[in-house]
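# Topology and contacts: notes
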Amino acid sequence: MSTERRAPLDRNRVVDTALRLLNEAGLEGLTLRAIARELDVKAPALYWHFKDKQALLDEMATEMYRRMVADTALDPADTWRERLLKINRGLRTALLGYRDGAKVFSGSRFTGTGHALELEANLRLLTEAGLTLAQAVDAGRTAHMYTLGFVTEEQGVQPLPGERREGYDVDERARRLAGSPLAAEAGKLLFDDYDRQFEEGLALLVAGVGARYGIN
């Protein structure tokens, strides 16, 4: 009989397994039963740690955020523009690391208060640049929601880097829309080169914050 001891089941093991399975099955295919099977336990064992799937998704989003923060070094000398660019680039990179990453992250509630340190630092930088707290919150939220929305659409076409859903062939789209030449040509700008698309949109947004609130 094997004497190998299995690691005890805890929240971290469940979340790590769920994030790994997310890349295989996507959000719709991520079930507590599948997670339990992967962990070689019965599904009810998971309820000791998470009362339902939403509670698990909240913890998954929180862990995604923790990993993002660990991989995104924030310089105290950042300007407000550099900080908005940096944190949203980091968020996009983090979300793209998981199939349906943006869907998991959107609408989830962080567990604990660890995120408050980064939020405090970002709000302080923005207010010290001349924004009111309300303006700083509006600027940060708008950039955050732009990134979430952008990645949601991006992952609708490319679920993971290197994958592409059927139906998004830009050349075929151009042929079908040949009677509307501008709309046909726009396909290359809408459904290809997402790095360029994201950077241009983020630059427009940051420039808009500066112009709206009159800060450099």
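Predicted model, so just to flag it, every value in this text is computed and none were measured.

## Considerations on the layout of surface pockets
Over the atoms rolls a probe the size of a water molecule, and in doing so it shows where empty space is left. In this structure, the largest pocket encloses a volume near 750 Å³. Along the wall of the largest pocket there are 31 residues; nearest its centre are Tyr65, Phe110, Leu119, Asn122 and His144. Elements represented by at least two residues in the lining of the largest pocket include exactly helix H3 (53–71), helix H4 (80–96), helix H6 (116–128) and helix H7 (133–157). Here the lining of the largest pocket gets seven residues from one element, more than from any other, and that element is H7. Per-class residue counts for the lining of the largest pocket are 19 nonpolar, nine polar and three charged.

## Here's the deal with the UniProt feature "domain: HTH tetR-type" (unreviewed entry) in the protein
Under the feature "domain: HTH tetR-type" (unreviewed entry), the UniProt entry names residues 8–68. The span residues 8–68 is 70% helix and 0% strand, and its two end C-alpha atoms sit 26 Å from each other.

## Things to note about the environment of glycine 149
Its location among the elements puts glycine 149 in helix H7. Judged by its relative accessible area of 34%, glycine 149 is partly exposed. The spacing of glycine 149 and alanine 34 is 115 residues in sequence and 28 Å in space, taken between C-alpha atoms.

## Description of the nonpolar core
Core analysis: the biggest nonpolar cluster contains 32 residues, and Ile35, Leu56, Met60, Leu95 and Phe105 have the highest contact counts within it. A per-element tally of this core places H3 first, with eight residues. Not counting residues up to four positions away in its chain, the partners in contact with methionine 60 are Val15, Ala18, Leu19, Leu22, Leu30 and Val104. Counting 19 residues, the second largest nonpolar core, distinct from the first, contains Trp80, Tyr194, Phe198 and Ile215.

## Concerning the packing of H6 against H7
Running from N to C, H6 and H7 cross one another at 120°; their axes reach a closest spacing of 9 Å. For the element pair H6 / H7, the angle class is oblique. The element H6 and its partner H7 pack so that their crossing is right-handed. In contact with Leu123, Leu126 and Thr127 of H6, H7 contributes Leu133, Ala136 and Val137. Of the residues in the contact of H6 with H7, the class split is five nonpolar, one polar and no charged.

## Comments concerning the UniProt feature "DNA-binding region" (unreviewed entry) in the protein
Per the UniProt annotation, the sites labelled "DNA-binding region" (unreviewed entry) are residues 31–50. Along residues 31–50, the helical share is 40% and the strand share 0%, with 13 Å between the first and last C-alpha atoms.

Scoring rules and cut-offs
Residues numbered from 1 in each chain as written. Predicted model: local features only at pLDDT ≥ 70, side-chain atom pairs only at ≥ 80, totals over all residues. Heavy atoms only, no water. 1 Å grid on protein atoms, 1.4 Å probe; cavity = no way out; pocket = protein on both sides within 12 Å on 5 of 7 lines; lining within 4 Å. Points joined across faces, edges and corners; volume = space filled by probe spheres on them. Helix = DSSP H or I, 4+ residues; strand = E, 2+ residues; numbered from the N terminus. Nonpolar A, V, L, I, M, F, W, Y, C, P; charged D, E, K, R; others polar. UniProt positions renumbered as here; feature names shortened; annotations may be inferred. Buried < 20%, exposed > 50% of the residue type's maximum accessible area, 1.4 Å probe, protein only. Core = buried A, V, L, I, M, F, W, Y, C linked by side-chain atoms within 4.5 Å. Contact = heavy atoms within 4.5 Å. Axes fitted to C-alpha atoms, helices over the stretch in contact; angles between N-to-C directions. Parallel < 35°, antiparallel > 145°, perpendicular 65-115°, else oblique. Left-handed = near helix turned anticlockwise from the far one by under 90°.

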